[in-house]
Amino acid sequence: METTFKNKVALVTGGASGIGRATALAFAKKGAKVAVVDWMENDEMVNLIKELGSEAIFIKCDVSKIDDVKAMVAQIIAAFGRLDYAFNNAGIEGASAATQDCSEENWDKTIGVNLKGVWLCMKYEIPEILKQGKGAIVNCASVAGMIGFAGLPAYVASKHGIVGLTKTTALECATQGIRVNVVCPGVIQTPMIDRLTGKTKEGIERFKGFEPIGRFGLPEEIANAVVWMCSDEASFVTGHVMAVDGGFTAQ
Ligand code: ADP
């Protein structure tokens, strides 16, 4: 069983913060060369690239734009000569509004980044991973890819869409050496959750109440699941929807 990613290249979108950042670090710890992709370029990103070491690169890219995504994958090939693993994780939560109040702009933006972004990334990643004859993709959905949430129609639709897209791509790639899976995080301690709770005691308690395990998850706990799904230890796992959610969807 392969327990190292040495000489392999992993791409992580939405790598500037939270789950993406933790996963970039987890891939590097296993020996992979990492391409961190985000539309945000800030001091934290500079520090992350330093922390990842000499074999990591940052690529600025808006995953909802086809030309950006095409150029991003080409840049990885130019830098490393190959692509083996991808974690398509970039996402936005979208504005909260009931279905009848959701604006067209909110709908298009949320679906554009969360769902179209994952499709665009896979569109350009798959031909490169196929050249290696073996590899894996993990997409990031959410518990909102498994159950509904009142007031988040575009977000929930985008995350359910990622689950269906993942299953379909997994079937298409099943005999070609690429496994495709989707992780559904519960409430994870990330900047996104800080925005949703407003960092107020009341907000934090409300979101903790969703978690039977009694606490928020850590970004590293999602990263561990992603790296495992990419590893050879998961060699028979494809098209799988993995909740890493402290029991949220078991309720
Ligand atoms: P979480 O880690 O909980 O999924 P965050 O908001 O902390 O949520 O992280 C999401 C990441 O995705 C951020 O780094 C953000 O900049 C990135 N991101 C959001 N939209 C895009 C986009 N269109 N293209 C590239 N990266 C994006």
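Not measured: the values here are computed from a predicted model.

Criteria and thresholds
- Residues numbered from 1 in each chain as written.
- Predicted model: local features only at pLDDT ≥ 70, side-chain atom pairs only at ≥ 80, totals over all residues.
- Heavy atoms only, no water.
- Helix = DSSP H or I, 4+ residues; strand = E, 2+ residues; numbered from the N terminus.
- Expected span 1.5 Å × (residues − 1).
- Buried < 20%, exposed > 50% of the residue type's maximum accessible area, 1.4 Å probe, protein only.
- Arc of directions from axis to C-beta.
- Salt bridge = Lys/Arg side-chain N within 4 Å of Asp/Glu carboxyl O.
- Contact = heavy atoms within 4.5 Å.
- Polar contact = N/O pair within 3.5 Å; in protein donor to acceptor, adjacent residues only side chain to side chain.
- 1 Å grid on protein atoms, 1.4 Å probe; cavity = no way out; pocket = protein on both sides within 12 Å on 5 of 7 lines; lining within 4 Å.
- Points joined across faces, edges and corners; volume = space filled by probe spheres on them.
- Nonpolar A, V, L, I, M, F, W, Y, C, P; charged D, E, K, R; others polar.
- Near = heavy atom within 4 Å.
- Areas by Shrake-Rupley, 256 points an atom, 1.4 Å probe, with all protein chains shown as cover.
- Sits in = over half its atoms within 2 Å of the grid points.

So, on to helix H3 (residues 66-80). End to end, H3 covers 21 Å across 15 residues, agreeing with the expected 21 Å (1.5 Å per residue, within 8%). Every buried residue belonging to H3 is among Val69, Met72, Val73, Ile76 and Phe80, and all of these are buried. One face of H3 carries all of its buried residues, which in axial projection span an arc of 90°. In H3, the exposed positions that point more than 90 degrees away from the buried face belong to Asp67 and Ala78.

The subject of this paragraph is unusual backbone geometry. We note that Asn7 has phi near 65°; this positive angle belongs to a residue other than glycine. Along the chain, Asn7 falls in the segment before strand S1 (9-13). Phi is positive for Lys199, which is not a glycine, with a value near 60°. Structurally, Lys199 can be placed in the loop between helix H6 (191-197) and helix H7 (201-208). On the basis of relative accessible area, Lys199 is assigned to the exposed category, the value being 60%.

Okay, the pattern of salt bridges next. For the structure on display, the rule yields eight salt bridges. Ionic pairing is found between Asp62 and Lys65, a salt bridge with its closest N-O pair at 3.6 Å. When the shortest N-O distance is used, the salt bridge between Arg215 and Glu221 registers 2.8 Å. Given the relative accessible area of 35%, Arg215 is considered partly exposed.

We now examine the environment of Asp62. Tracing the sequence through the fold places Asp62 in the loop between strand S3 (56-60) and H3. Between the C-alpha atom of Asp62 and that of Met40, which follows or precedes it by 22 residues, the distance is 8.8 Å. With residues up to four places along the chain from it excluded, the contact list for Asp62 reads Trp39, Asp68 and Val69. A distance of 2.7 Å separates the side chain of Asp62 from the side chain of Ser64, its partner in a polar contact.

Further remarks concern the layout of surface pockets. In this structure, the largest pocket spans a volume of roughly 960 Å³. Along the wall of the largest pocket there are 45 residues; nearest its centre are Ile92, Glu93, Tyr155, Met192 and Arg195. When residues of the lining of the largest pocket are traced back to their parent elements, those giving at least two are helix H1 (18-29), strand S2 (33-38), helix H5 (153-173), H6 and H7. No other element matches the five residues that H6 contributes to the lining of the largest pocket. Of the residues that constitute the lining of the largest pocket, the class distribution is 28 nonpolar, eleven polar and six charged.

In this section: the site of the ligand. Around the ligand sit 19 residues, and of these Ser17, Asp38, Asp62, Thr190 and Arg195 come closest. In the environment of the ligand, a nitrogen atom lies 3.4 Å from a nitrogen or oxygen atom belonging to the backbone of Cys61. Within the complex, the protein chains bury 94% of what would otherwise be the 570 Å² of accessible surface of the ligand. In a pocket analysis with a 2 Å cut-off to the grid points, the ligand is assigned to the largest pocket. At the level of secondary structure, the elements contributing two or more residues to the shell around the ligand comprise H1 and H6. A per-element tally of the shell around the ligand places H6 first, with three residues. Residue composition of the shell around the ligand, by class: eleven nonpolar, five polar and three charged.

By themselves, these observations are geometric and do not establish any function.
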